[in-house]
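# Observations on the model geometry
For reference, the chains in residue letters:
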Amino acid sequence: MTEKRMLIVDAEVARKVEENRGDLTRSDFVSFLIDSCLETNSETEKPNYITKEEFLQFQEGTKELLRNFLDFFVSYGMELGKQPADDAFQELNQTLQAISSYGKKK
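From a predicted model like this one, the values you see are computed outputs, not experimental measurements.

With that out of the way, let us pick up the pattern of salt bridges. Taken as a whole and assessed by the stated rule, the structure comprises 7 salt bridges. Linking Arg-15 and Glu-12 is a salt bridge whose minimum nitrogen-to-oxygen distance equals 2.2 Å. Placement of the pair is Arg-15 and Glu-12 together in helix α1 (residues 11-20), with a separation of 3 residues, close to one helical turn. What makes Arg-15 partly exposed here is its relative accessible area of 36%. Between Glu-60 and Lys-63 there is a salt bridge whose closest N-O contact spans 3.9 Å. Of this pair, Glu-60 and Lys-63 both sit in helix α3 (residues 52-80), 3 residues apart, which is roughly one turn of the helix. Residue classification places Glu-60 among the partly exposed positions, given a relative accessible area of 35%.

Structure (C-alpha cells):
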C-alpha cells in the first residue's frame, strides 16, 4: 500500500485540476504535470539558439531568394516594360545583373 499525504492548495488551483484532469485521478494528474514540467531529457530539449551551420544555411537561402527576386523583376521589366534610354537605368540593370551572377558563381 502506498503512503498518502494531504496537499493543501488554493481553491483556484483545485478548481483548475478538477476542470482539466479528465479521467485521471487527482494524484495521477498532478504527477503527470510535475513530470512534464520537470522533464530534463536532453534529447527532447531544443536549445534556445541556432548553430553556426544553421545560420549560414539561412543566410545562403536568403541570398538565393534575393537573387531570384532580382532576376524575376529584371527579366519581367525587360520583357514587358518599355526600355528607357536613361543611362542610370542601364547602370542599375548592369549592377543587378552583376549581383545576380555573383551568387551563381559560388
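On to a nonpolar patch on the surface. On the surface, a cluster of nonpolar side chains totalling about 420 Å² of accessible area is made up of Ile-50, Phe-55, Leu-56 and Phe-58. Position of Phe-55 among the secondary structure elements: in helix α3. For Phe-55, a relative accessible area of 41% puts it in the partly exposed group.

What follows is about the side chain of Arg-67. Topologically, Arg-67 is positioned in helix α3. Since its relative accessible area comes to 8%, Arg-67 is described here as buried. A distance of 2.9 Å separates polar atoms of two side chains, one belonging to Arg-67 and the other to Glu-64.

Topologically, Thr-95 is positioned in helix α4 (residues 87-105). Overall, the relative accessible area of 40% leaves Thr-95 in the partly exposed class. There is a polar contact of 2.9 Å between the side chain of Thr-95 and the backbone oxygen of Glu-91.

So, on to the confidence of the model for the chain. For the chain, mean pLDDT is 80; residues scoring 70 or higher make up 78% of the total. Confidence scores differ between elements of the chain, with α4 showing the lowest mean pLDDT of 72 and α1 the highest of 92.

The rules behind the values
Residues numbered from 1 in each chain as written. Predicted model: local features only at pLDDT ≥ 70, side-chain atom pairs only at ≥ 80, totals over all residues. Heavy atoms only, no water. Salt bridge = Lys/Arg side-chain N within 4 Å of Asp/Glu carboxyl O. Helix = DSSP H or I, 4+ residues; strand = E, 2+ residues; numbered from the N terminus. Buried < 20%, exposed > 50% of the residue type's maximum accessible area, 1.4 Å probe, protein only. Patch = residues over 30% accessible without salt bridge, like charges linked within 9 Å, V, L, I, M, F, W, Y side chains within 5 Å. Areas by Shrake-Rupley, 256 points an atom, 1.4 Å probe, with all protein chains shown as cover. Polar contact = N/O pair within 3.5 Å; in protein donor to acceptor, adjacent residues only side chain to side chain. pLDDT = per-residue confidence, 0-100.

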